[in-house]
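Read off the chains here:
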Amino acid sequence: MSTSEANGRLYRVGKHWYLDTALLQTIARRMTVEPMQGGYQILAPAGLVRCVPASGLALPGQTGELYRCQGQSQDQDIGARLRKLAGAADVASGEWEQWPSGAMTTAPARACCGSCAVGGACGATPPAHDHEPQSLLERLIVSETLGTVAPRMVTSTAIAIYPAQHAAPEWVTGRYHECIASILRFPDLAANDWIVLLDLRKGAFTSTWGLTLDRQRTLMLTEILQLALRLADQAKRKGSALPAQPSKHTPGASAWEFAAELAPRNGTCERCPYRLGTNLRCPMCRQWQLRRKPAPAAEQPAALATLLREQKELRTVGTTVLNSLAQAIADSHARNPHEPLTDRFFLQLERDVLLAQQPHRLAEAEAEAVLDIAELSPLEATIAVGAQARKEAA
């Protein structure tokens, strides 16, 4: 081991400075270093420097634990202070704009280009933060955050989270759907500000935060990342994980529930991170549902009327009314301009059915039953939707 390695290492990743245990011990030979809230604080003449444990992926050449360093105020040049605290000691260092690859065994004094900064070949184009997510965990994080963050695998056991710079994929769906749009936004962050680093080597949720968010965003993002890890574990154990179900009054909610029942043995979709056929925002899942249907019934209104009559809540409704409602549903399927099974498709279908119900003054339970059948009908084997429905109606 060289003298510089024995004296420890000083690092910069993005805006943050870190030191390892060896450098902390080197500094402790010259001035007071005392324990403080699970970490340490350096009692320097120019003011305290707090050293907070940074659990997560180790930095290249690190000796012992890693600590993120914080001054007493935001305007302090913490890097210059740390170099001064190291004194005349021969200290190794490394600086990167993004968290470096764990495959690197030596730390360059300064990354010379964007590719070097992320552990790639010198002169190459650095990987984009918003690349198409490949791993199941990456896709789960994108989906459950509704595309507000961009995960990037740093190594096979670590994943960094950045603010997203592009629109979310159409297949995203999350348990926190109603809250994310108003809370999980990052207008105050730059594209290369990594928010948090996840260490996947341990069973428990282990994170290193790259910056300090407000409490609301920190809590929500933490809960979603923990959820994504649980879903990834569930998919590993059971073969797949199910997407969040829309709330009961969301157009198409009944269809989402039925879609899950129709695909009980499917594995994970190649596009979205959920069981194939269960995420109706995913084009591959929708395609699977539509392809599994045989040839639809020749008389669509009659087939829909049969479905309505089978509902116990509608057994007292007259045949004329049921036939009228069945015709309205068939007409909606034939005229609906949106891709079948999408959110917009179900929104249009619900509006058409509600308009068709108005002259009949149905009781609340009856009206709900008609809506349920209308939403379930696109998944029924005998019912045509989209181009097939238009062909049947012609």
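Just so it is clear, the structure is predicted and the values come from calculations on it, not from any experiment.

Participant: Describe the overall build of the chain, with residues and values.
Facilitator: Check the secondary structure of the chain and you find 14 helices and 11 strands. By sequence separation, contacts in the chain at least 24 residues apart represent 61% of the contacts at least 6 residues apart. Accessible surface, the chain as shown: approximately 19200 Å² in total, 50% of it carbon and sulfur.

Participant: Please give an account of the pattern of salt bridges that cites residues and values.
Facilitator: As a working rule, side chains carrying opposite charge can pair if their charged atoms are close by. Throughout the structure, instances matching the rule amount to 11 salt bridges. A salt bridge links Asp188 to Arg217; its shortest N-O distance comes to 2.9 Å. A residue pair is termed long-range when its members are at least 10 positions apart, and Asp188 in the loop between helix 6 (177–183) and strand 10 (196–199) and Arg217 in helix 7 (residues 215–238) qualify at 29 residues. When its relative accessible area of 49% is taken as the criterion, Asp188 is described as partly exposed. One salt bridge in this structure joins Glu339 and Arg286, with 3.1 Å as the shortest N-O distance.

Participant: Summarise the packing of helix 5 (residues 136–144) against helix 7; cite the residues concerned and give the values.
Facilitator: Two numbers describe a pair of packed helices, the interaxial angle and the distance between the axes. It is at 9 Å that the axes of helix 5 and helix 7 come closest, and there the two elements cross at 135°. Taken together, the axes of helix 5 and helix 7 lie oblique to each other. Viewed along their axes, helix 5 and helix 7 form a crossing whose handedness is right-handed. Taking contact as the criterion, the partners of Leu136, Leu137, Leu140, Ile141 and Glu144 in helix 5 are, on helix 7, Ile224, Leu225, Leu227, Ala228, Leu229, Leu231, Ala232 and Ala235. In terms of residue class, the contact of helix 5 with helix 7 is made up of 12 nonpolar, no polar and 1 charged.

Participant: A description of the side chain of Arg217 should follow, citing residues and the corresponding values.
Facilitator: Given the relative accessible area of 9%, Arg217 is considered buried. A polar contact of 2.7 Å, which involves the side chain of Arg217, links it to the backbone oxygen of Arg185. Among all residues touching Arg217, those that are not within four sequence positions of it are Ile183, Leu184, Arg185, Phe186 and Asp188.

Participant: Before we move on, could you go through helix 13 (residues 364–376) and cite the residues and values that matter?
Facilitator: The end-to-end C-alpha separation of helix 13 is 18 Å, in line with the 18 Å expected for 13 residues at 1.5 Å each. The set of residues buried in helix 13 consists of Glu366, Ala367, Ala369, Val370, Leu371, Ile373, Ala374 and Glu375.

Participant: How would you sum up the pairing of strand 9 (residues 158–163)? Please name residues and give values.
Facilitator: Burial of strand 9 is extensive: 6 of the 6 residues sit out of reach of the surface. Burial along strand 9 is two-sided: the residues Ala158, Ala160 and Tyr162 and Ile159, Ile161 and Pro163 are all buried. The pairing of strand 9 with strand 10 spans 4 bridges and is antiparallel. Opposite Ile159, over in strand 10, you have Leu198 as the bridge partner.

Criteria and thresholds
Residues numbered from 1 in each chain as written. Predicted model: local features only at pLDDT ≥ 70, side-chain atom pairs only at ≥ 80, totals over all residues. Heavy atoms only, no water. Helix = DSSP H or I, 4+ residues; strand = E, 2+ residues; numbered from the N terminus. Contact = heavy atoms within 4.5 Å. Areas by Shrake-Rupley, 256 points an atom, 1.4 Å probe, with all protein chains shown as cover. Salt bridge = Lys/Arg side-chain N within 4 Å of Asp/Glu carboxyl O. Buried < 20%, exposed > 50% of the residue type's maximum accessible area, 1.4 Å probe, protein only. Axes fitted to C-alpha atoms, helices over the stretch in contact; angles between N-to-C directions. Parallel < 35°, antiparallel > 145°, perpendicular 65-115°, else oblique. Left-handed = near helix turned anticlockwise from the far one by under 90°. Nonpolar A, V, L, I, M, F, W, Y, C, P; charged D, E, K, R; others polar. Polar contact = N/O pair within 3.5 Å; in protein donor to acceptor, adjacent residues only side chain to side chain. Expected span 1.5 Å × (residues − 1). Pairing = 2+ DSSP bridges.

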